Amino acid sequence: QVQLVESGGGLVQAGGSLRLSCAASLHTFSMHAMGWFRQASGTEREFVAAVSRSGGSTSYGDSVKGRFTISRDNAKNTVYLQMSGLKPEDTAVYFCAARPWGAGYTYKSNEYAYWGQGTQVTVSS
(Lines give C-alpha, C1' and ligand atoms only; values in the text may rest on other atoms or scores of the structure.)
Protein backbone atom coordinates (compact mmCIF):
# COMPACT_ATOMS: atom_id res chain seq x y z
CA GLN A 1 0.00 0.00 0.00
CA VAL A 2 1.43 3.33 -1.07
CA GLN A 3 1.68 5.98 1.59
CA LEU A 4 2.78 9.57 1.32
CA VAL A 5 3.23 11.33 4.64
CA GLU A 6 3.76 15.07 4.80
CA SER A 7 5.36 16.87 7.73
CA GLY A 8 6.81 20.25 8.59
CA GLY A 9 3.72 22.41 8.43
CA GLY A 10 2.85 24.93 11.11
CA LEU A 11 2.30 28.56 11.96
CA VAL A 12 4.82 31.13 10.74
CA GLN A 13 4.92 34.90 10.45
CA ALA A 14 4.88 36.61 7.10
CA GLY A 15 8.37 36.70 5.64
CA GLY A 16 9.37 33.53 7.42
CA SER A 17 10.37 30.12 6.12
CA LEU A 18 9.27 26.51 6.45
CA ARG A 19 10.45 23.26 4.96
CA LEU A 20 7.91 20.59 4.20
CA SER A 21 8.88 16.96 3.82
CA CYS A 22 7.03 14.09 2.22
CA ALA A 23 8.12 10.55 2.99
CA ALA A 24 6.95 8.00 0.43
CA SER A 25 6.56 4.29 0.81
CA LEU A 26 6.84 3.79 -2.96
CA HIS A 27 8.90 0.72 -3.79
CA THR A 28 10.74 2.47 -6.62
CA PHE A 29 10.55 6.07 -5.51
CA SER A 30 13.08 7.22 -8.07
CA MET A 31 10.72 6.20 -10.87
CA HIS A 32 7.96 8.56 -9.71
CA ALA A 33 7.88 12.23 -10.50
CA MET A 34 6.60 14.15 -7.51
CA GLY A 35 4.58 17.27 -6.92
CA TRP A 36 3.28 19.61 -4.26
CA PHE A 37 -0.16 21.14 -4.36
CA ARG A 38 -2.06 23.31 -1.93
CA GLN A 39 -5.67 24.04 -1.16
CA ALA A 40 -6.91 27.01 0.80
CA SER A 41 -10.31 26.94 2.42
CA GLY A 42 -13.06 27.37 -0.17
CA THR A 43 -10.72 27.22 -3.16
CA GLU A 44 -9.63 24.63 -5.70
CA ARG A 45 -6.42 22.69 -5.36
CA GLU A 46 -3.52 24.69 -6.78
CA PHE A 47 -0.27 23.48 -8.32
CA VAL A 48 2.77 24.56 -6.31
CA ALA A 49 5.77 22.68 -7.65
CA ALA A 50 6.90 19.46 -9.31
CA VAL A 51 10.18 17.64 -9.71
CA SER A 52 11.35 15.05 -12.21
CA ARG A 53 12.29 11.50 -11.28
CA SER A 54 15.98 12.33 -11.08
CA GLY A 55 15.49 15.70 -9.44
CA GLY A 56 17.20 17.44 -12.33
CA SER A 57 14.13 19.29 -13.58
CA THR A 58 11.58 21.32 -11.68
CA SER A 59 8.48 23.38 -12.35
CA TYR A 60 6.69 25.97 -10.22
CA GLY A 61 3.37 27.70 -10.04
CA ASP A 62 3.52 31.39 -10.85
CA SER A 63 2.54 32.44 -7.34
CA VAL A 64 5.54 30.73 -5.72
CA LYS A 65 8.30 31.16 -8.29
CA GLY A 66 11.43 32.58 -6.75
CA ARG A 67 10.25 31.85 -3.20
CA PHE A 68 9.78 28.08 -3.05
CA THR A 69 12.19 25.29 -3.96
CA ILE A 70 11.30 21.67 -4.54
CA SER A 71 13.91 18.95 -4.20
CA ARG A 72 14.12 15.23 -3.58
CA ASP A 73 16.41 12.68 -2.02
CA ASN A 74 15.89 9.36 -3.75
CA ALA A 75 18.04 7.55 -1.20
CA LYS A 76 15.61 8.64 1.51
CA ASN A 77 12.39 8.31 -0.52
CA THR A 78 11.62 11.89 0.39
CA VAL A 79 10.60 15.05 -1.44
CA TYR A 80 10.96 18.49 0.09
CA LEU A 81 9.43 21.91 -0.36
CA GLN A 82 11.53 24.76 0.98
CA MET A 83 9.32 27.81 1.39
CA SER A 84 10.70 31.27 2.04
CA GLY A 85 9.28 34.77 1.91
CA LEU A 86 5.98 33.35 3.07
CA LYS A 87 2.87 35.47 2.65
CA PRO A 88 -0.56 35.20 4.28
CA GLU A 89 -1.93 34.08 0.92
CA ASP A 90 0.30 31.00 1.14
CA THR A 91 -1.93 29.75 3.96
CA ALA A 92 -3.35 26.39 2.88
CA VAL A 93 -3.19 22.65 3.34
CA TYR A 94 -0.19 21.41 1.39
CA PHE A 95 -0.33 18.01 -0.31
CA CYS A 96 2.38 15.82 -1.68
CA ALA A 97 1.56 13.71 -4.73
CA ALA A 98 3.25 11.06 -6.87
CA ARG A 99 2.88 10.42 -10.58
CA PRO A 100 2.44 6.88 -11.88
CA TRP A 101 5.58 4.80 -12.38
CA GLY A 102 7.72 6.18 -15.18
CA ALA A 103 5.56 9.21 -15.95
CA GLY A 104 6.98 12.71 -16.20
CA TYR A 105 6.01 15.56 -13.93
CA THR A 106 3.03 17.79 -14.61
CA TYR A 107 1.08 20.66 -13.08
CA LYS A 108 -2.21 18.79 -13.58
CA SER A 109 -3.47 17.43 -10.27
CA ASN A 110 -5.76 14.85 -11.89
CA GLU A 111 -2.72 13.11 -13.41
CA TYR A 112 -1.18 12.23 -10.06
CA ALA A 113 -1.81 8.71 -8.83
CA TYR A 114 -1.04 8.94 -5.13
CA TRP A 115 -1.71 11.62 -2.54
CA GLY A 116 -0.77 12.35 1.03
CA GLN A 117 -3.16 13.53 3.71
CA GLY A 118 -1.79 17.05 3.74
CA THR A 119 -0.14 19.36 6.23
CA GLN A 120 -1.45 22.75 7.30
CA VAL A 121 0.62 25.86 6.71
CA THR A 122 -0.63 29.07 8.26
CA VAL A 123 1.09 32.39 7.63
CA SER A 124 0.16 35.24 9.92
CA SER A 125 0.43 38.88 8.89
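Everything numeric in this text was worked out from a predicted model, so none of it was measured.

## Considerations on the packing of aromatic side chains
Remark: the centre distance and the inter-plane angle together describe each pair of aromatic rings, the angle taken between the planes. If you walk through the whole model with that rule in mind, you get six aromatic pairs. With centroids separated by 5.1 Å and ring planes inclined at 80°, the aromatic side chains of F37 and Y112 adopt a geometry described as edge-to-face. With F37 in strand β4 (residues 34-39) and Y112 in the loop between β9 (92-98) and β10 (114-115), the pair connects residues that are 75 residues apart, well separated along the chain. Like F37, the residue Y112 is buried in the burial classification. Where F37 meets W115, the ring centres are 5.1 Å apart and the plane angle is 50°; that geometry is what we call tilted. With F37 in strand β4 and W115 in strand β10, this pair connects stretches of sequence that are 78 residues apart. By relative accessible area, which is 26% here, W115 ends up partly exposed. Members of the aromatic cluster, connected to one another through ring pairs, are F37, F47, F95, Y107, Y112 and W115. Stacked on the ring of F29, the Lys or Arg R72 has its end atom at 4.4 Å from the ring centre.

## Some words on the pairing of strand β11 (residues 119-124)
Side chains T119, V121 and V123 project from β11 onto a buried face, and the interleaved Q120, T122 and S124 project onto a face without burial. In this sheet, β11 lies alongside strand β2 (residues 10-13) in parallel orientation, the contact comprising four bridges. The residue of β11 that forms the bridge with Q13 is S124. Sheet analysis places β9 next to β11, joined by three bridges and oriented antiparallel. Counterpart to Y94 in the pairing with β11 is T119.

## Observations regarding the environment of S59
Structurally, the position occupied by S59 is in strand β6 (residues 58-60). By relative accessible area, which is 24% here, S59 ends up partly exposed. Spatially, the C-alpha atom of S59 lies 12 Å from that of F37, the residues being 22 residues apart in sequence. Ignoring any residue separated from it by four or fewer positions in sequence, one finds S59 in contact with F47, V48, A49, A50 and Y105.

## Thoughts on the sheet that holds strand β7 (residues 68-73)
Here four strands make up an open sheet; going across it, the order is β1-β3-β8-β7 and the pairing antiparallel. Two strands in the sheet have a free side with no partner beyond their single neighbour: β1 (4-7) and β7. With strand direction ignored, the average angle separating the axes of adjacent strands in the sheet is 15°. Taken together, the four bridges between β1 and strand β3 (residues 18-24) define a ladder with antiparallel strand orientation. Among the inter-strand pairings, L4 is bridged to a residue of β3, identified as A24.

About the criteria used
Residues numbered from 1 in each chain as written. Predicted model: local features only at pLDDT ≥ 70, side-chain atom pairs only at ≥ 80, totals over all residues. Heavy atoms only, no water. Phe/Tyr/Trp six-rings, centres within 6.5 Å; stacked < 30°, edge-to-face > 60°. Helix = DSSP H or I, 4+ residues; strand = E, 2+ residues; numbered from the N terminus. Buried < 20%, exposed > 50% of the residue type's maximum accessible area, 1.4 Å probe, protein only. Lys NZ or Arg CZ within 6 Å of the ring centre and 35° of its normal. Pairing = 2+ DSSP bridges. Contact = heavy atoms within 4.5 Å. Axes fitted to C-alpha atoms, helices over the stretch in contact; angles between N-to-C directions.

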